[in-house]
Each structure stands twice: as C-alpha cells, then as structure tokens.
Amino acid sequence: MSAGPELTSAADLRLVDLDISGMTCASCANRIERKLNKLDGVTATVNYATERAHVEAPAGVSAEELIEVVRAAGYDAAPVRTEPETPAEDASDGPDGAADPELDALRQRLIVSAVLTAPVIVLAMVPAWQFTYWQWLSLTLAAPVVVWGAYPFHRAAWINLRHGATTMDTLVSVGTLAAFGWSLYALFLGTAGTPGLTHGFDLLPQRTDGASHIYLEAAAGVTTFLLAGRYFEKRAKRRAGDALRALMGLGAKDVVVRRGGVETRIPIGQLAVGDEFVVRPGEKIATDGVVVEGSSAVDASMVSGESVPVEVTVGDSVIGATVNTSGLLVVRATAVGADTALAQMARMVAAAQEGKADAQRLADRISAVFVPAVIAIAVATLGFWLGSGSSGGLTGGDVTFAFTAAVAVLIIACPCALGLATPTALMVGTGRGAQLGILLKGPEVLESTRRVDTIVLDKTGTVTTGEMTLSSVTAAPGYDEQQVLAAAAAVEAGSEHPIGAAIVAGAPNPLPEKATDFVAEQGVGMSGTVGGRRVSVVSPSKVEADLPDVLADAVAAAESGGATAVVVLADETGAPDGKALPAPVGVIVVADRIKETSAAAIAEFRRLGLTPMLLTGDNEGAARAVAAEVGIDDVTAGVSPQRKLEVIAELQSRGHVVAMVGDGINDAAALAQADLGLAMGTGTDVAMAAGDLTVVSGDLRVVADAIRLARRTLGTIKGNLFWAFGYNVAAIPLAAAGMLNPMIAGAAMALSSVFVVGNSLRLRRFAPRRQN
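Predicted model, so just to flag it, every value in this text is computed and none were measured.

Draft legend 1. Structural context of the overall build of the chain. Broken down by element type, the chain carries 25 helices and 29 strands. When burial is assessed residue by residue, the chain has 53% of its 772 residues classed as buried. Counting only contacts in the chain whose residues sit at least 6 apart along the sequence, the fraction spanning at least 24 positions is 71%.

What follows is the structure, given as structure tokens:
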C-alpha cells in the first residue's frame with residue numbers, strides 16, 4: 001500500500017501496486033518479476049510474503065497492461081486499494097483476522113488428506129498390521145490424497161509447464177506422481193499386489209525387488225506434510241502482517257459532525273476537511289484535526305507507542321485513531337482519508353515490507369536457477385544409481401533404490417524457506433515497529449543500522465523539547481520573587497513571543513493583577529501598567545541602570561549556561577530608594593528544557609556501541625550546557641544547515657558510518673547525507689521525508705529502540721537465510737546419496753519453511769528497553 005495505483009513521480013513514472021494471487025513459492029514471485037521487468041521502462045519488485053508487486057512504470061503503461069502481463073504468466077492481479085480499511089471493512093472472523101477463503105480451503109484439504117494418509121503411513125510402518133489386502137486399502141486411501149489433495153501442486157506445475165517454467169510445485173508434483181505411478185506399476189504389473197505381501201518401513205532407502213515395493217506412504221505422506229507446511233506458512237504470514245492490518249483498521253467507523261449547531265452521526269467516509277466533529281470521552285478521534293473547543297487527555301499509544309496520555313486544549317493538533325480519555329472535544333478536520341497521519345504511517349510500513357534487502361536479492365537470484373538445477377540433480381542421481389548397478393546386471397533393487405533417491409532429491413530441495421527468509425522477518429519487524437511508533441522506509445535501512453558507529457543529534461526539538469520554559473526567578477533585595485514573576489507575567493500576557501509565553505506559563509493562574517497600556521518594542525521588550533506602576537520586561541543589554549550584584553550574577557549564570565535572561569523593571573513608585581529611573585527589581589531566566597528521557601537515551605546509544613555527538617545551530621554556551629547534562633562529550637555549535645551537512649560528510653570521509661537524528665527543516669539536508677537518517681515525528685514533514693527511519697513520538701529513547709529493532713530484524717533475516725541455505729546445501733547431498741526416505745524428506749522440507757516463519761514471528765515479542 002505504499003502508493004495508490006495512479007500516483008505520478010517527478011520523473012514521469014507512476015508507482016503501481018498490485019495484489020498478486022496464485023503464487024505458491026518464491027520461484028513464482030521471481031517469474032512474475034522477470035515478466036514485468038521485460039516491459040520497456042518498467043522496474044518491478046514482487047514480494048512472495050506480502051503477495052504484492054511494486055512497480056515503477058512509464059506514464060504510457062497502464063495498470064491494466066501490467067495485470068495482463070501477470071495473467072499471461074499464469075497468475076492474477078488487482079490494483080491495491082489506496083486507503084486504510086475501516087473496522088467495518090476489516091471485520092475479524094477469527095483469531096487470524098478477516099476471513100480468508102483460500103486459507104479455509106487449504107485447511108479443509110489438509111484435514112481430509114491427513115485423515116486419509118494416517119492409515120496409509122501406519123500400515124506401511126507396522127508390518128504386523130499388514131493384513132492380506134492391506135496394499136489395496138492403502139491405494140484406495142492414498143489415491144484421493146495424491147490426486148485431489150495435491151491438486152494445487154499439480155495445477156500450478158501444469159500452468160508453469162505451459163509457460164515453459166519450473167517452480168517448487170514442479171518438484172512436488174513430479175515427486176509425488178512418480179512415487180504414486182511406481183506404486184501403480186508394482187501393484188498391477190509387478191508382484192506388489194500379491195495377497196499376503198508384507199514389507200517393512202525404513203528411514204533409509206533399501207535395495208529391494210522394485211516390482212514388489214510400493215511408495216504409497218511416501219506419495220500420500222509427502223503431499224500431506226507439504227499441505228501442512230503450506231497451511232502453517234500461510235497462517236503465519238497472515239500473523240506476520242497483523243500489525244499492518246491492525247494499523248489500517250484503527251480508524252473510527254463513524255463520526256458525529258456539528259453543522260449549523262446540529263450534531264449528526266455520519267459514516268467516516270463522508271467527513272470532509274473543515275468539518276467540525278465532536279469526540280466524547282472514550283471515543284476515537286475520527287481524523288487528524290485541531291481542537292476548537294474543550295480540553296482533554298488523548299491516548300496516542302496505538303499510533304505513537306507512547307503509553308502516557310497527552311493533554312490537549314484549544315489550538316492543539318490531534319491525530320486520527322487516537323482515543324479521547326476524559327473531556328469532550330470539538331475538533332476541526334484538517335486531513336481525511338489517504339492524507340491522514342495514520343494512512344501515511346500505513347503507507348510507510350507497507351513500502352518497507354515491499355522492498356528487498358541485498359541478502360534477499362541474492363536469495364532471489366539463487367531461487368531463479370534452483371528448481372532447474374534440482375531437476376538436473378535428480379536426473380543425475382537416478383542415472384548414477386542405475387549406472388552403479390549395471391556392471392553386475394541391473395536388478396529391481398537397483399532401480400528401486402535409484403528411483404527413491406531421485407524422488408527424495410526432488411522433495412527435499414523445495415526452496416520455500418529461501419524465499420520466505422527475508423520478507424517474513426521484514427513483515428514482522430516493520431509491523432512491530434509500527435506498533436511502537438517506529439517507521440522504516442525500506443529494508444536497506446537494516447544494513448545501515450548494523451554498520452553505524454556515530455550518532456549525530458540536533459539539539460532543539462530532539463534532545464530538548466524545543467519550547468521555552470521558566471527556569472528561575474531572582475528578585476532584587478526588598479522584592480518578592482512571586483511578585484516579580486506575577487508582574488512580569490501580567491505584562492507578557494499580551495505577547496506571542498516564546499519567552500513571554502514561558503513566563504506566563506510559569507506564573508500563578510489566574511494572575512492576581514492584569515496589565516494595561518501595553519507597549520511592545522521590537523528587540524527591546526514589553527511594558528505595561530500593573531497596579532498603577534509601569535513595569536517593563538526587557539533584555540539585559542537594554543537596561544541603562546546598574547544591576548544589583550544578585551541580579552548581575554543571575555544574568556551571567558544564565559548566559560554561561562546557554563539560557564535566556566530578561567530583566568524586570570518597575571518605575572520609581574515601586575523602587576525603595578526613590579530613584580527617578582525605572583529600577584531593576586528581578587531577573588527571570590527561561591530555557592529550552594531538556595527532555596527527561598534524553599540522558600537515558602544517550603546512555604543507551606553508548607550501550608549500542610554508538611558515539612553521540614551534538615550538532616546544533618544554537619550558541620556554544622547553550623549547546624555545551626545541554627551536552628554536559630545529558631552526557632555528550634563532542635559538541636559542534638553555531639552551524640548553518642549547510643555546515644551540518646558538511647560535518648556529516650567530514651565524519652564519513654574519516655571512515656565513520658553516521659546516523660543523524662533531527663526534526664526540523666534545517667536538518668533535512670544532514671538527514672539525507674547521513675548513512676542513516678532518523679527523523680523525529682514531532683518535527684516537520686520535510687525532515688521525515690528526508691529520513692530513512694521515523695520515530696513518531698518525541699522520545700529520544702525510541703530512537704535507540706528503533707536501532708535495536710532494526711538490528712534484531714537484520715539478525716533474524718541472516719539467521720533465516722543461514723538456515724535456508726544450510727538446509728538445502730546439507731539435505732540435497734544426503735538425498736542424492738540415498739540416505740533419505742522421500743516421506744521423511746517431505747516432512748523436513750515442510751518443517752524448514754515453518755521454522756523460518758516461526759523464527760521471524762519471534763520479533764513480535766520485541767520490547768522497548770526503558771531505563772531512566
């Protein structure tokens with residue numbers, strides 16, 4: 001869902017997303033991908049795990065043409081829907097999410113096949129139970145399994161054969177039909193149909209009279225094991241995508257709009273930008289908007305991963321799908337449908353799942369030649385064992401042994417695990433990240449997180465809150481700090497300046513007195529009349545009178561610590577010494593407050609092997625003070641946006657792999673230059689567009705969680721690939737050497753796919769590390 005089927009890129013390319021149906025293995029995905037890429041100007045990526053094609057196509061190539069190419073290859077396709085599903089559209093019919101007819105049909109086929117196969121295997125494995133005509137009962141039970149139970153494999157193999165291709169289904173179909181066909185030959189034309197025949201079951205193939213040996217247990221058993229593997233694989237793949245489906249289904253089903261003073265409940269699809277809607281306690285906020293009435297605490301955990309509700313009031317922005325926990329709110333919609341933050345998050349998660357890491361591209365190239373190679377190995381195995389017995393005269397036992405080894409090669413080599421290794425881990429990892437408020441742009445980000453050794457942090461809005469807050473109040477001798485603060489707040493109440501807002505926010509509410517006759521002087525400060533006295537709040541550099549030592553010391557301490565100090569002046573009626581000039585009565589210090597979690601986040605970066613560095617456009621004093629408090633040693637201050645980019649490039653030229661964390665427009669260039677750009681979701685859209693990874697909340701600790709999750713996901717991918725490669729490398733020679741019974745080979749192959757998907761699902765248990 002990374003883009004709608006009709007988006008146009010800057011390079012006159014359209015991004016087309018297609019849902020693909022009919023794929024049964026990674027070889028199918030590779031084949032569709034090759035067919036699409038043969039079109040002029042088309043670049044396609046087909047993901048077997050997500051069953052989706054992501055295509056960049058010239059404007060002249062329509063989605064219908066792409067769908068026809070997919071259908072010509074023997075599969076089907078449809079454009080991906082462009083908006084998140086509502087809860088009504090994604091109604092769950094079971095623990096695995098919405099009803100899935102394909103999964104239900106597969107379950108039914110598996111159950112019937114298992115019931116029929118069990119007696120066949122038991123009779124073959126226990127000679128004591130082999131009654132007079134047991135082999136004919138086995139044929140009666142096994143035939144429906146091989147013909148009907150294995151029909152999906154046979155059908156896919158035939159479709160691919162018609163198109164001159166081979167896939168995993170080719171291996172399964174040829175292997176099971178060969179075992180079943182040999183059994184029919186032995187029963188009807190050989191001696192296997194003789195009443196009273198018995199033969200034992202061995203884990204290793206044996207040299208026996210070929211015409212008296214049947215492989216019905218192998219044909220039926222392999223079919224049932226592979227059906228089981230495919231069923232559990234498909235169900236696990238659905239679980240892997242649960243996080244994205246849950247994200248898409250978070251939105252409200254309907255909404256109460258206020259139009260002309262009348263409240264009306266309408267479906268969410270009818271809500272338009274500019275509409276005002278009512279959100280009562282306990283209800284979901286229908287869409288992104290701005291609060292126009294009321295105040296409340298909003299639980300944003302489902303979107304940002306933050307567990308603590310956020311207080312909102314008039315003028316604050318809210319995100320759709322978050323929950324209003326207390327007061328009644330009236331919100332004006334600012335975005336609906338595909339433009340909401342929730343839809344954008346879902347698109348980012350889906351885009352990351354559709355991409356391919358370098359390791360997966362290697363696996364795809366191997367899968368493309370794997371099936372033909374396996375068929376060649378099976379033929380060579382058959383020829384070798386037949387040839388090895390020909391010197392002393394070819395016997396039925398030699399033929400049986402050669403045939404069994406060849407079938408085992410076909411069955412054991414199916415490359416399902418190879419095709420699932422990367423996409424399933426990526427699906428689970430990105431889905432879990434979305435639940436925690438971590439959005440990855442693509443799988444290539446995973447490689448970057450592994451190599452990063454330096455993390456560069458912007459100060460304002462990243463390490464600090466980006467908002468001025470009251471730090472301290474110092475009163476001149478003879479004055480009270482609370483009186484000084486109240487008088488200054490009364491003057492600043494009419495100001496929109498951040499310093500004034502910080503003073504007002506830190507003062508008693510309501511103020512004991514209100515100011516009149518406001519006068520604002522640009523670059524100087526504010527003044528007004530409070531209780532009959534003229535009070536001014538000005539910059540220290542604009543004060544003509546000498547400051548008392550206590551106030552001068554407060555100003556000096558503030559400036560050395562990177563904070564901002566203002567001086568409060570009062571006219572002579574308020575001055576105890578009767579001076580004619582306004583006298584300084586106090587100093588108020590405001591500062592950009594450091595986030596409570598920043599120091600813990602820096603410590604976590606060090607535990608991850610990253611060296612933190614502060615890179616800011618703020619002054620040296622402020623930067624040093626913040627760095628000292630959170631535990632950063634390396635500080636570069638007073639830099640322009642261009643200089644930030646140059647600093648990143650200089651670090652890279654010295655061999656460092658650099659991650660950059662920022663939130664503002666001035667960080668965008670540096671985020672793009674860094675090997676790994678991490679954008680804070682509380683910042684600007686420009687910064688998030690430039691970053692490789694977005695942290696929805698403003699908590700810097702989540703950046704550390706994001707790096708840990710990305711590394712854990714990459715580690716899971718590598719573990720999966722190691723298992724998949726190692727499994728086939730080890731198993732094929734064993735089968736070719738005649739050391740694997742075909743039925744055991746089928747069970748092992750099915751379990752390998754289930755193992756890979758199950759290993760990926762462990763990422764669902766990833767938990768943030770919280771140490772304050």
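Draft legend 2. Highlighting the environment of alanine 623. Relative to the helices and strands, alanine 623 is located in helix H20 (residues 620-630). Looking at alanine 623, the relative accessible area reads 0%, which means it is buried. C-alpha of alanine 623 to C-alpha of glycine 561: the two residues are 62 residues apart in sequence and 8.7 Å apart in space.

Draft legend 3. Spotlight on the sheet that holds strand E29 (residues 693-695). Here we have seven strands laid out as an open sheet, ordered E17-E29-E28-E27-E18-E25-E26, and mixed in their pairing. The open sheet is flanked by strand E17 (438-440) and strand E26 (634-636), the only strands paired with a single partner. Going from strand to strand, the sheet's axes swing by 20° on average, the running direction of each strand aside. Of the strand pairs in this sheet, strand E18 (residues 454-457) and strand E27 (residues 658-662) are connected by four bridges, and their pairing is parallel. What sits directly across from threonine 454, in E27, is valine 658.

Draft legend 4. View of the nonpolar core. If you look at the biggest cluster of nonpolar residues, it comprises 51 residues, and the most contacted ones within it are Ile455, Leu457, Phe605, Leu700 and Val703. Top contributing element to this core by residue count: helix H24 (residues 701-736), with ten residues. Not counting residues up to four positions away in its chain, the partners in contact with leucine 700 are Leu457, Thr462, Val463, Thr597, Ser598, Ala601, Ile602, Phe605, Val661 and Met680. By size, the runner-up hydrophobic cluster in this structure holds 25 residues, among which are Cys25, Ala44, Val69 and Ala77.

Draft legend 5. A look at the UniProt feature "transmembrane region" (unreviewed entry) in the chain. Mapped onto this numbering, the UniProt entry annotates "transmembrane region" (unreviewed entry) at residues 110-127, 133-151, 171-193, 213-232, 366-387, 399-422, 721-737 and 743-761. Between the first and last C-alpha atoms of residues 133-151 the distance is 27 Å; the span itself is 89% helix and 0% strand. Taken end to end, residues 171-193 comprises 78% helix and 0% strand; its first and last C-alpha atoms sit 28 Å apart.

Draft legend 6. Spatial organisation of helix H2 (residues 63-72). Three or more residues of H2 are buried, namely Ala63, Leu66, Ile67, Val69 and Val70. The buried residues of H2 occupy an angular sector of 155° when the element is viewed end-on, so they sit on one face. The exposed residues of H2 that point more than 90 degrees off its buried face are Glu64 and Ala72. Positive phi appears at glycine 74, one or two residues downstream of H2, with a value of about 100°.

Draft legend 7. Just the packing of aromatic side chains, in detail. All chains considered together, the criterion is met by four aromatic pairs. Taking the centre distance of 5.3 Å and the plane angle of 75° together, the rings of tryptophan 136 and phenylalanine 188 count as edge-to-face. Taken as a pair, tryptophan 136 in helix H4 (residues 134-149) and phenylalanine 188 in helix H6 (residues 168-188) lie far apart in primary sequence, 52 residues in all. Directly above the ring of tryptophan 148 sits arginine 109, whose terminal nitrogen or CZ lies 4.7 Å from the centroid.

Draft legend 8. Quick peek at the side chain of threonine 223. Tracing the sequence through the fold places threonine 223 in helix H7 (residues 216-240). By relative accessible area, which is 0% here, threonine 223 ends up buried. What threonine 223 contacts, discounting residues up to four positions off in sequence, is Val145, Gly149, Ala150, Phe153 and Thr176.

Draft legend 9. Region of interest: the packing of H4 against helix H5 (residues 151-162). Orientation of H4 relative to H5, taken along the N-to-C sense of each, is 40°, at an axis distance of 5 Å. Relative to H5, the element H4 lies oblique. From H4, Val146, Val147, Trp148 and Gly149 reach across to H5, where they touch Tyr151, Pro152 and His154. Counted by class, the contact of H4 with H5 contains five nonpolar, two polar and no charged residues.

Draft legend 10. Representation of a nonpolar patch on the surface. A cluster of nonpolar side chains, namely Phe131, Tyr133 and Leu137, defines an oily patch on the protein surface of about 300 Å² accessible area. For tyrosine 133, the location among the structural elements is in the loop between helix H3 (101-125) and H4.

Draft legend 11. Local environment of the packing of helix H16 (residues 481-492) against helix H17 (residues 498-506). Taken N-terminus to C-terminus, the directions of H16 and H17 make an angle of 130°; their axes are 8 Å apart at the nearest point. Taken together, H16 and H17 sit at an angle that is classed as oblique. For the pair H16 and H17, the crossing hand works out as left-handed. Contact residues: Leu485, Ala488, Ala489 and Glu492 in H16; Gly500, Ile503, Val504 and Gly506 in H17.

Draft legend 12. The arrangement of the confidence of the model for the chain in detail. Averaged over every residue, the pLDDT of the chain is 78; residues scoring 70 or more account for 79%. Segment residues 1-11: pLDDT under 50, and 36 contacts once partners within four positions in sequence are set aside and those in other chains are kept. Between residues 82-98, whose pLDDT stays under 50, and residues either more than four places distant or in other chains, the model counts 35 contacts.

Draft legend 13. Molecular detail of the pairing of strand E11 (residues 289-293). In terms of strand pairing, E11 meets strand E14 (residues 317-318) through two bridges, oriented antiparallel. Opposite valine 290, over in E14, you have serine 317 as the bridge partner. Examined bridge by bridge, E11 and strand E16 (residues 329-333) share four bridges and lie antiparallel to one another. In the sheet register, glycine 289 faces E16, and the bridge partner there is alanine 333.

Draft legend 14. Local environment of helix H21 (residues 641-653). For H21, built from 13 residues, the straight-helix expectation of 18 Å at 1.5 Å per residue is met to within 8% by its first-to-last C-alpha distance of 19 Å. Taken together, the buried positions of H21 are Lys644, Val647, Ile648 and Leu651. The buried residues of H21 occupy an angular sector of 95° when projected down its axis, which confines them to one face. Just beyond H21, the residue with positive phi is glycine 655, at close to 95°.

Draft legend 15. Structural view of the pattern of salt bridges. On inspection of all chains with the given rule, the structure shows 18 salt bridges. Residue arginine 71 pairs with aspartate 76 through a salt bridge whose shortest N-O separation is 2.8 Å. Taking relative accessible area as the criterion, aspartate 76 reaches 33% and is therefore assigned partly exposed. Among the ionic contacts, a cluster of salt bridges with common partners joins Arg258, Glu263, Arg280 and Glu293.

Calculation rules
- Residues numbered from 1 in each chain as written.
- Predicted model: local features only at pLDDT ≥ 70, side-chain atom pairs only at ≥ 80, totals over all residues.
- Heavy atoms only, no water.
- Helix = DSSP H or I, 4+ residues; strand = E, 2+ residues; numbered from the N terminus.
- Buried < 20%, exposed > 50% of the residue type's maximum accessible area, 1.4 Å probe, protein only.
- Contact = heavy atoms within 4.5 Å.
- Pairing = 2+ DSSP bridges.
- Axes fitted to C-alpha atoms, helices over the stretch in contact; angles between N-to-C directions.
- Core = buried A, V, L, I, M, F, W, Y, C linked by side-chain atoms within 4.5 Å.
- UniProt positions renumbered as here; feature names shortened; annotations may be inferred.
- Arc of directions from axis to C-beta.
- Phe/Tyr/Trp six-rings, centres within 6.5 Å; stacked < 30°, edge-to-face > 60°.
- Lys NZ or Arg CZ within 6 Å of the ring centre and 35° of its normal.
- Parallel < 35°, antiparallel > 145°, perpendicular 65-115°, else oblique.
- Nonpolar A, V, L, I, M, F, W, Y, C, P; charged D, E, K, R; others polar.
- Patch = residues over 30% accessible without salt bridge, like charges linked within 9 Å, V, L, I, M, F, W, Y side chains within 5 Å.
- Areas by Shrake-Rupley, 256 points an atom, 1.4 Å probe, with all protein chains shown as cover.
- Salt bridge = Lys/Arg side-chain N within 4 Å of Asp/Glu carboxyl O.
- Left-handed = near helix turned anticlockwise from the far one by under 90°.
- pLDDT = per-residue confidence, 0-100.
- Expected span 1.5 Å × (residues − 1).

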